[in-house]
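Fold and geometry: a report
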Amino acid sequence: YGIGGLGHLAIQYAAKMGAEVTAFTTSKNKESLCKELGASKVVLWDDFYKQDKDKIEKEYDLILNTLPVWSSQDNVDKWVASLAPYGKLLLLGVASVEDPMTMDVRNLVFDHKLVIGSFVGGRKHTEDMLKFSADNKVDVKCEFYEFEDFPKALEKLEKGQPQFRCVVKAESAAKEIEKNWK
């Protein structure tokens, strides 16, 4: 869930590892992109969210939530409800401070489900990921900004509007800083 900076990579990694991938997105205009990246199915979040959680199919072995911040209560219960027995919900983001994560733990206990979280892997995981990316031609999509356009990139991030990753080119600024320190 979340087809942005991490989500577009997660689709590619999972597909290139041989998984059948369902992408959850709030943007209908990302449907074809999700399929190009390797998703076999795309679910619009609004359609999924409107379902009664007691009628949601228990079909997913793993749900990877790549949203950096999210509203939790109903989301988590519906994600967990859609997990197959022994399924895992992996959270790479965190619930908002105003809406701490709560859940009906019976959904975990009765079907042996797990909720786990992680921000980053260590050096070895990063090296393995970079090698896998190179070997399998994982395509990282970025929006590039000159250093002087940093405020534009930050504003876009704060409004949740970047298409994927916002990258600020800092090379010329770093050289200028280094020159002034000498």
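For the structure, check the block above.
So, here's what we can say about the structure. (Residues numbered from 1 in each chain as written. Predicted model: local features only at pLDDT ≥ 70, side-chain atom pairs only at ≥ 80, totals over all residues. Heavy atoms only, no water.)

Here the focus is the nonpolar core. By size, the foremost hydrophobic cluster in this structure holds 14 residues, and its most contacted members are Phe24, Phe48, Tyr60, Ile63, Trp79 and Leu89. Where this core is concerned, the elements lending two or more residues are α3 (45-49), β3 (60-65), α4 (73-81) and β5 (83-91). Counting residues in each nonpolar core, the second largest holds 10 residues, with Ile11, Cys34, Ala39 and Phe164 among its members. (Core = buried A, V, L, I, M, F, W, Y, C linked by side-chain atoms within 4.5 Å. Buried < 20%, exposed > 50% of the residue type's maximum accessible area, 1.4 Å probe, protein only. Helix = DSSP H or I, 4+ residues; strand = E, 2+ residues; numbered from the N terminus.)

Let's shift gears to the pattern of salt bridges. Following the criterion strictly, the structure yields 12 salt bridges and no others. Across the pair Lys113 and Asp111 runs a salt bridge whose closest N-O atoms are separated by 3.7 Å. Asp111 carries the same exposure label as Lys113, and that label is buried. Between Asp128 and Lys124 there is a salt bridge, and its shortest N-O distance comes to 2.8 Å. In this pair, Asp128 and Lys124 are both assigned in helix α6 (residues 123-136), four residues apart and thus about one turn of the helix distant. Overall, Asp128 belongs to the partly exposed group, its relative accessible area being 38%. A relative accessible area of 55% places Lys124 in the exposed class. (Salt bridge = Lys/Arg side-chain N within 4 Å of Asp/Glu carboxyl O.)

In the Ramachandran plot, Tyr86 falls in the positive-phi region, its phi being about 70° despite a non-glycine side chain. Residue position: Tyr86 is located in strand β5. With phi around 55°, His112 is a residue other than glycine that occupies positive phi space. Since its relative accessible area comes to 45%, His112 is described here as partly exposed.

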